[in-house]
Amino acid sequence: MTVTEIWLTDRAAAPMRRVPTARLVAGQGLEGDRYALGGGTWARYPDLEKQLTLIDGADVAAVAAEVGVPLTPGDTRRNLVTTGVDLPALVGRFFAVGDALLFGMKRCPPCAHLERLTGARLVKAMVHRGGINAAVFAGAEIAEGAVVRPVTDEEAARRGAPTGADRPVPRLVAG
């Protein structure tokens, strides 16, 4: 259950670039990424839903094979690529990426914007394989190979995460 790749870009619709390490910043996302900088195509979405995206590398490979295009994880415009992680199961839960504390806010369905940027028909193939959106509650430096693990509410509270009525509420979306 690890991060295999880290991707970011400093502006909407610009090509993503892979980096071996990056900093997750509480309340912002991935340092230097378009959403942490206040930009990005979906910047109007609620703050907790646009900080960070994660996708499973096997899902990217399956979509590429199904659609018949040379799709890379960076082409999906997601920030963190994982292996061995049940990402949908993290929606509504706190989890750690290395020493950072995150909360799974919603599934991240594919969109027509992604099809425009890639020139490939991806929406149907990615419907249940689009990854998730997460909010960062405790930042940390992360690197490829960082462990991804669920965190109990008790551990999250000890690390300063909001609890009770202030606990984040995930949004259910199709996909």
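Scroll up a little and you will see the structure.
Residues numbered from 1 in each chain as written. Predicted model: local features only at pLDDT ≥ 70, side-chain atom pairs only at ≥ 80, totals over all residues. Heavy atoms only, no water.

Caption draft 1: How the structure looks around helix α1 (residues 57–67). Turning to α1, its buried residues are Val60, Val63 and Ala64. All buried residues of α1 project into a common sector of 100° when viewed along the axis, lining one side. Exposed positions of α1 whose direction lies more than 90 degrees from the buried face are Ala58, Ala65 and Glu66. If you check the start of α1, you find a side-chain oxygen 2.8 Å away from the backbone N of Ala58, and it comes from Asp56. (Buried < 20%, exposed > 50% of the residue type's maximum accessible area, 1.4 Å probe, protein only. Helix = DSSP H or I, 4+ residues; strand = E, 2+ residues; numbered from the N terminus. Arc of directions from axis to C-beta. Polar contact = N/O pair within 3.5 Å; in protein donor to acceptor, adjacent residues only side chain to side chain.)

Caption draft 2: Examining the packing of aromatic side chains more closely. Applying the stated criterion across every chain, the model contains two aromatic pairs. Aromatic pair Phe94 and Phe103: ring centres 4.9 Å apart, planes at 65°, arrangement edge-to-face. Of the two residues, Phe94 and Phe103, neither departs from the other in class, the shared state being buried. Their ring planes at 75° and their centres at 5.7 Å tell us that Phe94 and Phe137 sit as a pair that is edge-to-face. You can see Phe94 sitting in strand β7 (residues 94–97) and its partner Phe137 sitting in strand β9 (residues 132–138), a full 43 residues away along the chain. Residue class for Phe94 comes out buried when judged on its relative accessible area of 2%. On the basis of relative accessible area, Phe137 is assigned to the partly exposed category, the value being 24%. Grouping aromatic residues by their ring pairs yields a cluster made of Phe94, Phe103 and Phe137. (Phe/Tyr/Trp six-rings, centres within 6.5 Å; stacked < 30°, edge-to-face > 60°.)

Caption draft 3: Region of the structure containing the side chain of Asp56. Tracing the backbone through its elements, the reader meets Asp56 in strand β5 (residues 52–56). Polar side-chain contacts of Asp56 include one of 2.8 Å to the backbone nitrogen of Ala58. Filtering out sequence-adjacent residues up to four positions away, Asp56 remains in contact with Val81, Thr82, Thr83, Gly84, Val85 and Leu87. (Contact = heavy atoms within 4.5 Å.)

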